[in-house]
Amino acid sequence: MIGRLSLAARLLAIAVALLVVGLVVISSVVLRQLETQLMARVDAQLEPMGKAASAIPPDLVAKLSRSPLPAGQFDLMGKGFVAYLAADGSVLRELGDLAGPALPRLDSAAVAARAGQPFTVNGTDGEEWRAVALPRAGTNGPRPASGGTSLGPGGTGPGSGGTSLGPGGTESGSGGTSLGPADHTAVVAAVSLAELHTTVDRLRVACLLTGAVLLGVLALVGGVAIRAGLAPLRRVEETAAAIADGDLTRRVPEPAGLSTEVGRLARSLNKMLAQIEQGVAAKVESEARMRRFVADVSHELRTPLFGIKGFSELYRMGGTEAGPALARIESESGRLARLVEDLLLLAGLDERDGPGLDLTPMDLRTLAADARHDFTALAPSRPIAFTGPSGGPAASAPVLGDEARLRQVVSNLVGNAITHTPAGTPVRIGVGTDGGESVLVIEDEGPGLSPEEEARVFDRFYRADASRARATGGAGLGLAIVRSIVTAHGGRVEVRSAPGKGATFQVRLPTADPH
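Residues numbered from 1 in each chain as written. Predicted model: local features only at pLDDT ≥ 70, side-chain atom pairs only at ≥ 80, totals over all residues. Heavy atoms only, no water.

1. Some thoughts on empty space enclosed by the protein
Consideration 1: Considering all chains together, one arrives at two cavities of 30 Å³ or more under this definition.
Consideration 2: Considering the residues around the second largest cavity, the lining is formed by L364, L367, L406, V409, V410, L440, V507 and L509.
Consideration 3: Breaking the lining of the second largest cavity down by element, the ones donating at least two residues are α8 (364-378), α9 (403-420) and β14 (503-510).
Consideration 4: Tallying contributions element by element places α9 first for the lining of the second largest cavity, with three residues. (1 Å grid on protein atoms, 1.4 Å probe; cavity = no way out; pocket = protein on both sides within 12 Å on 5 of 7 lines; lining within 4 Å. Points joined across faces, edges and corners; volume = space filled by probe spheres on them. Helix = DSSP H or I, 4+ residues; strand = E, 2+ residues; numbered from the N terminus.)

Structure, rendered in structure tokens:
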């Protein structure tokens, strides 16, 4: 049942339950302590009452009539009761309220065993009474008949002639003060606990009423406070619902106190949401790149395949001679083979356990010299400068690399410069070390790249010339292969360009010990 309640309702229920337990415990302790203290006061007032009753002479006891005792002079004592007992515990005379306590049998041994300690008994009308049993003052048992004098409370005797009480409590004259079988040996004094219970009951009712009012007020205030305290969680819930509906830009409002639990939760959720948004955006971009990749691969594979198929059918139908047809089929087959090899190379470099590199000590200055020869052979009209990375003389650039793969890097950069710059465009080849890295630079003074082209120039199948004209180059995998090979060597390739200011490609690899 509790699991179906909202968090606010559960918190309020728990708080109210704890408050109820606390009030019950405190009220019980207070009422118990009050009852103990009041009982101690009753006992303190009962003891002198019992002693006074035990000091009354037997001849005076015989003359007392049964009437309510004036106990009102004591607080918490509404009704009093006195009983005089014989040695065997039988009641000789009772004074006080008719509906007195139902006393147990109190013979001399029982009275001595209680040692004057108060005890509680039930009354004949259901009330509780507090009683004390005391032996008669001045004796430990029945008094022998003698010529002595029995003193009353004031210390005076009834006369020198003495009196003797018979079994019925009447006088029997003799030569001295002689007590008969009716002479009492113990006295029981008792008072009603009705006033004490009434006082405790009034306090109990007051506690119940006060507790009920307090619970109501605190439940109302607590409900408002809990609702206000959970407001940030409701905002989190609303944000989560909006995100579930597809709005990944929503964020949880962060409260002013970021040191609180809710503040830390909001900050953590916002970081998580930012990562999720980035992940989703990256996934969308990855899927878009994959679709472009599949489309590009399909296009690049279809072109040579259609060429092979077309010239095969043309030759079969007699539309061309065998020589030209076979030449075109061979050309398209080579183009298809190179494309497949490039794709396999990229796929292998992407895998951690892809094709291994045959690393040996080498110098990038050798590759830079080969690049100058390639430029001279392929574009003899281009001015070529051979310098250091930032100018000055060329220097040694020792690395630990796979020479065949790094030659492919240089070849692709040279081909890219020749393909995308006009004939006669000056080119600079720089080689050396810079900041603990070996650097190879291919720089041209061609038309340059736009910021968008510069950002995507290393993407697979990306070409600034979207027409894919055969005269402007291959499939757009050359620079992607450059980046993959350089990354596999633990280095990086960078491009700096601007429209109309040419392009500079830098291959930076960790410098190796030349020895």
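2. With respect to the packing of helix α1 (residues 7-54) against helix α4 (residues 194-229)
Consideration 1: Where α1 contacts α4, the axes come no closer than 10 Å and their chain directions differ by 160°. Relative to α4, the element α1 is oriented roughly antiparallel. Judged by the twist between their axes, the crossing of α1 over α4 is right-handed.
Consideration 2: Along the lines of polarity and charge, the residues of the contact of α1 with α4 split into 22 nonpolar, six polar and two charged. (Axes fitted to C-alpha atoms, helices over the stretch in contact; angles between N-to-C directions. Parallel < 35°, antiparallel > 145°, perpendicular 65-115°, else oblique. Left-handed = near helix turned anticlockwise from the far one by under 90°. Nonpolar A, V, L, I, M, F, W, Y, C, P; charged D, E, K, R; others polar.)

3. Here we look at the environment of E330
Consideration 1: By secondary structure assignment, the location of E330 is in helix α7 (residues 322-350).
Consideration 2: When the C-alpha positions of E330 and I308 are compared, they lie 8.1 Å apart, and in sequence the two are 22 residues distant.

4. Some details on the confidence of the model for the protein
Consideration 1: Confidence along the protein averages 79 in pLDDT terms, with 82% of residues attaining 70 or more.
Consideration 2: In the predicted structure, residues 141-182 sits below a pLDDT of 50 and forms 73 contacts with residues beyond four places in sequence or in another chain.
Consideration 3: Counted against residues more than four places away or in other chains, residues 467-472, with its pLDDT under 50, gives 15 contacts. (pLDDT = per-residue confidence, 0-100. Contact = heavy atoms within 4.5 Å.)

5. Considering the pattern of salt bridges
Consideration 1: Summed over the entire model, instances satisfying the criterion amount to 14 salt bridges.
Consideration 2: Residue D43 is joined to R130 by a salt bridge in which the shortest nitrogen-to-oxygen separation is 2.7 Å. Of this pair, D43 sits in helix α1 while R130 sits in strand β4 (residues 128-135), and the two are 87 residues apart along the sequence.
Consideration 3: Overall, the relative accessible area of 13% leaves R130 in the buried class.
Consideration 4: The network of salt bridges with common partners includes D434, E437, R492, E494 and R508. (Salt bridge = Lys/Arg side-chain N within 4 Å of Asp/Glu carboxyl O. Buried < 20%, exposed > 50% of the residue type's maximum accessible area, 1.4 Å probe, protein only.)

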